[in-house]
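Examining the three-dimensional arrangement
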Amino acid sequence: MTAAAEVKSRFVGRRRARRRSARSLRAWYRNPSLMAGIVVVGALVLVAVLAPVLAPYDPIKQNLPDALQDPSSAHWLGTDRYGRDVLSRLIWGARVDLRIGFLAVLIPFVIGSVIGALAGYFGGWFDAVVMRVVDVFFAFPFLVMVITLVFVLGAGETSIYLAIAIVSWVAYAKIVRGEVLVVKEHDYVTGARLGGLSDRRILFRHITPNVLSQAVIYAMSDIVMDILAIVTLGYLGIGVTPPTAEWGSMILDGQEFLTTHWLQATIPGLVVVVTSLGVSWLGDGLADLMSPEQRR
Amino acid sequence: MTDAPVLEVDDVAKTYDVSAPLLQRLFRQQQRTLLTALDGVDLELRRGEILALVGESGSGKSTLANILVGSLPATRGQVVQDGSAIPARRDKELSRRIQMVFQDPYSSLNPRLTVRAMLSELLRVHDIVPRSEVRKECLRLVSLVGLDEDALDAYPGQFSGGQRQRIAIARALAVRPDVLIADEPVSALDVSVQATILELFASLRDELGLTILFIAHNLAVVQHLCQRVAVMYLGRIVEVAGTDEIFANPRHPYTRALIASIPRMGDTSGAADLVPEGEPPSPYDLPTGCRYHPRCPFAEAQCRELDPSLRPLSESAGRVHLSACLRASDLPESP
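Residues numbered from 1 in each chain as written. Chains lettered and ligands numbered in written order. Predicted model: local features only at pLDDT ≥ 70, side-chain atom pairs only at ≥ 80, totals over all residues.

Thoughts on the overall build of chain B
Using the following cut-off: A run of H or I in DSSP counts as a helix once it spans at least four residues, and a run of E counts as a strand once it spans at least two, with each numbered from the N terminus. The globule rule used here is 2.2 Å times the number of residues to the 0.38 power, and the radius of gyration it is set against is calculated over C-alpha atoms. Residues with at least 20 other C-beta atoms within 10 Å of their own are called buried, those with 12 or fewer are called exposed, and the rest are partly exposed. The C-beta atoms themselves are positioned from the backbone. Contact between two residues is assigned when their C-beta atoms, built from the backbone, lie within 7 Å.
Counting its regular elements, chain B contains ten helices and twelve strands. For 335 residues, the compact-globule estimate of 2.2 N^0.38 gives 20 Å, and the C-alpha radius of gyration of chain B, at 21 Å, lies within 12% of that figure. C-alpha extents for chain B along the principal axes are approximately 70 × 60 × 35 Å. The buried share among the 335 residues of chain B stands at 45%. Considering only residue pairs separated by 6 or more positions, chain B has 67% of its internal contacts joining residues 24 or more positions apart.

Some remarks on the pairing of strand E4 (residues 76–81) of chain B
Residues and elements named next belong to chain B. Stated precisely, the cut-off is as follows: By definition, two strands form a pair when at least two bridges between them are found by DSSP.
When strand E1 (residues 5–17) meets E4, the two strands line up antiparallel, connected through five bridges. Bridge pairing links Val 9 to Val 79 in E4. Sheet topology note: the E4/strand E5 (residues 84–86) ladder contains three bridges and is antiparallel. The residue bridging Gln 81 from the neighbouring strand is Ser 84, located in E5. Following E4, the chain reverses through two residues before pairing antiparallel with E5; Asp 82 in that reversal takes a positive phi of roughly 45°.

Some remarks on the UniProt feature "domain: ABC transmembrane type-1" (unreviewed entry) in chain A
Rules: UniProt positions are given in the numbering used here, feature names are shortened, and annotations may be inferred rather than shown by experiment.
Following the UniProt record, one finds the feature "domain: ABC transmembrane type-1" (unreviewed entry) at residues 94–283 of chain A. Split by type, residues 94–283 of chain A is 84% helix and 0% strand. Its first and last C-alpha atoms lie 19 Å apart.

A look at the UniProt feature "transmembrane region" (unreviewed entry) in chain A
Residues and elements named next belong to chain A. Residues annotated in UniProt with the feature "transmembrane region" (unreviewed entry) correspond here to residues 33–55, 100–121, 133–153, 159–176, 223–242 and 262–287. In the segment residues 159–176, helix accounts for 100% and strand for 0%; the C-alpha atoms at its two ends are 26 Å apart. Within residues 262–287, the helical portion is 96% and the strand portion 0%, while the C-alpha atoms at the span's ends are 37 Å from each other.

Brief notes about the domain arrangement of chain B
All names here are of chain B. Applicable threshold: An automatic or database domain assignment provides the domain bounds reported here.
In terms of domains, chain B is made up of domain 1 (5–226) and domain 2 (243–335). For domain 1 versus domain 2, the separation of C-alpha centres amounts to 27 Å. Listed as interface residues are twelve residues of domain 1 and, on the opposing side, ten residues of domain 2. Put simply, the parts of the chain that give the side of domain 1 that touches domain 2 at least two residues each are strand E2 (34–46) and helix H8 (219–222).

Brief notes about the sheet that holds E1 of chain B
All names here are of chain B. Applicable threshold: Between N-to-C directions, angles cover 0 to 180 degrees, with each direction set by a line fitted to C-alpha atoms, over the stretch in contact for helices.
Read from one edge of the open sheet, four strands run E2-E1-E4-E5, paired in antiparallel fashion. The sheet is open, and its two edges are formed by E2 and E5, each paired on a single side. Neighbouring strand axes in the sheet, compared pairwise and without regard to direction, differ in orientation by 30° on average. Running at roughly 65° to E2, helix H2 (residues 61–69) makes contact with E1, E2 and E4 of the sheet.

Points about the UniProt feature "domain: ABC transporter" (unreviewed entry) in chain B
The UniProt feature table records "domain: ABC transporter" (unreviewed entry) at residues 7–259 of chain B. As a span, residues 7–259 of chain B carries 37% helix and 26% strand, and end to end its C-alpha atoms are 27 Å apart.

A look at the packing of helix H3 (residues 32–49) of chain A against helix H12 (residues 263–290) of chain A
Residue and element names in this part refer to chain A. Selection criterion: By definition in this entry, angles of less than 35 degrees are roughly parallel, angles greater than 145 are roughly antiparallel, angles of 65 to 115 are roughly perpendicular, and the rest are oblique. Crossings are sorted by hand: turned counterclockwise from the far helix by less than a right angle, the near helix makes the crossing left-handed, and turned clockwise it makes it right-handed. Each residue is assigned to one class: nonpolar for Ala, Val, Leu, Ile, Met, Phe, Trp, Tyr, Cys and Pro, charged for Asp, Glu, Lys and Arg, and polar for all the others, Gly among them.
At a closest axis distance of 7 Å, the pairing of H3 and H12 adopts a crossing angle of 140°. In terms of their interaxial angle, H3 and H12 are classed as oblique. When you trace H3 past H12, the crossing you get is left-handed. Of H12, the residues touching H3 (which contributes Ser 33, Leu 34, Ala 36, Gly 37, Ile 38, Val 40, Val 41 and Leu 44) are Val 274, Thr 275, Leu 277, Gly 278, Val 279, Trp 281, Leu 282, Asp 284, Gly 285, Leu 286, Asp 288 and Leu 289. Its residues assigned to classes, the contact of H3 with H12 shows 13 nonpolar, five polar and two charged.

What to know about the packing of H3 of chain A against helix H5 (residues 86–122) of chain A
Residue and element names in this part refer to chain A. Closest axis-to-axis distance for the H3/H5 pair is 8 Å, and the angle between their directions is 110°. On the basis of the axis angle, H3 is roughly perpendicular to H5. The handedness of the crossing between H3 and H5 is left-handed. Contact residues: H3 offers Leu 44, Val 45, Val 47 and Ala 48, while H5 offers Ile 91, Ala 94, Arg 95 and Leu 98. A class-by-class count of the residues in the contact of H3 with H5 yields seven nonpolar, no polar and one charged.

Points about the confidence of the model for chain B
Quick reminder of the rule: A score between 0 and 100, pLDDT records how confident the predictor is in each residue.
Looking at chain B as a whole, its pLDDT mean stands at 84, while 93% of the residues score no less than 70. Listed scores for the predicted complex are pTM 0.77 and ipTM 0.79.

Some thoughts on the confidence of the model for chain A
Residue and element names in this part refer to chain A. Model confidence for chain A is summarised by a mean pLDDT of 80, while 88% of its residues fall at 70 or above. When mean pLDDT is compared element by element in chain A, helix H6 (residues 124–138) scores highest at 90, while helix H1 (residues 2–10) scores lowest at 44. Below pLDDT 50 for its whole length, residues 1–18 participates in 31 contacts with residues either more than four positions away or in separate chains.

Considering the pairing of strand E12 (residues 319–323) of chain B
Residue and element names in this part refer to chain B. Of all five residues that make up E12, four are buried, and the element is covered over most of its length. With two bridges connecting them, strand E10 (residues 236–242) and E12 associate as antiparallel partners. Across the sheet, residue Glu 239 finds its bridge partner in E12, namely Ser 323.

Some points on the nonpolar core
Considering soluble globular proteins, one finds that nonpolar side chains tend to be buried as a cluster. Cut-off, in case you're wondering: Put simply, a nonpolar core is a cluster of buried Ala, Val, Leu, Ile, Met, Phe, Trp, Tyr and Cys residues tied together by C-beta atoms within 7 Å.
Counting 162 residues, the largest nonpolar core has Ala 52, Val 54, Ala 170, Phe 214 and Ala 230 of chain B as its most contacted members. Per-element accounting of this core gives the leading share, 18 residues, to helix H10 (residues 199–236) of chain A. Taken together, domain 1 (5–226) and domain 2 (243–335) of chain B each give at least three residues to this core, which thus spans both.

With respect to unusual backbone geometry
Residues and elements named next belong to chain B. In this model, Asp 11 sits at a positive phi of 50°, which is unusual for a non-glycine residue. With respect to the helices and strands, the residue Asp 11 is situated in strand E1. On the neighbour-count criterion, Asp 11 (13 C-beta atoms within 10 Å) is partly exposed. Look at Glu 184: it is not a glycine, yet its phi comes out positive at around 45°.

What follows is the structure, encoded as structure tokens:
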């Protein structure tokens, strides 16, 4: 029949693939918050990676005669009460804080997303049990739980990872479950089921990619939360063990001298603020980039 | 075209229990509330035909479609394919046989899979063609629905509604189904695009001998596409006949109303009298007797008491004309 041929000629697709790549490129540099996030976070990561090269002094070695100096050409941001260079400690601190911040998000992200996806997709008693557990966790403030857990588990990096993972997987579970509930009603999921695809395939290939963007965006703000938690733990003296350079413990050390040497506590505080801003920008930018409207 | 039914719907009913929770019912002394979506539907689909299923919103068309593809279990009755009943829970092979094209082409395609990824996944899972021929088969499928090769590497978001519906059709055809259920496949599309999709269905029937159940809420859409029309009202089939027959000689007042409601240029006849007034009765509380009688201009005393069943009236060209109207043989021309 000629009808099909005629229909075909009328519906010749154009060179879509090429148009798509050009458009997504434009989306990248048209997205100021994403660019700002990449620049700030990228710079911080670079500093952390290059710490041994960039830091002018050893961050841990004490030099008591030079204690509590004001900024000078030798020590750009001065020295702390043990004579350690503040700039070097900041640079080395980036390693610790960024590493813990990003890694501590990864574990609950994976665990929470998987549990949430299973609960949302299968429903039933598993969903009911998981959601009650989630409610219990949500009833406690995040920081209080983390601090308590770190107290129980003992100070140190491993405890911090564990404590944060135990507390924050619930948020991912809740987000992903909610999104799965929405997406699984879409006709393409029904279509996949009619296509005879297995539950595992439907859940992980057809549903999960469409729900993860929300979790990724939340993860970005969660990094900020985690960095603040680490800093708070450091400030309370139960975080990363001294003398390791870490921003929270630097603020703690500096606050005693707030009236005489205010830079000591203020500078690491500012660095925390800038880091948080950078990561939130990154999150906002990713949110714009990953929303389906952008994918046209 | 043979007349052996590919798919039979045998007395299928679907009721939903929408009662208040048990405790509340006990306190307030309420009865159980049942919603009757389908109430004993019989239908058969013959190989190579397009059968239209027409009815207004809430008449149970989509519920029937969902039961046919196994997304919903029926409360009563069964779906029979090629002589054997098929259950609602289906394995890979059983679900392959009946595929569906959905109404909304914007929610029926996964936004994160390219057309190629979507099609080749189905081809591989069902071993439709040898692995080495998957690429070729994908190309064949998109050209079958009138798209060209470029479409394979694009994402659904890059297509228009009509093109998306073509992809959805290609997806349904990928697993080589025996029957295609099209649930209002054109009602979400622009009028100009509707015609091209209808043409596509017609050419698929002619070229592949595909059997299609075409669901629509409007008779105009199906007039030139389908061989037979089944009209549905409140969970029942009220009239079934060949398309020409049903347009020329409708034997149920509801069918007449549907035909009268098709807009026509320069139409000045008194057809407006036939258009049913008001909403259909609530499916929670079906009227006694014929369920169309509260809106029917021809209703008599017996219509309020007797619940009519689908009865054969005549037969022409192998197509039986069935109607569920008590006055089917003596319907006056106008009320």
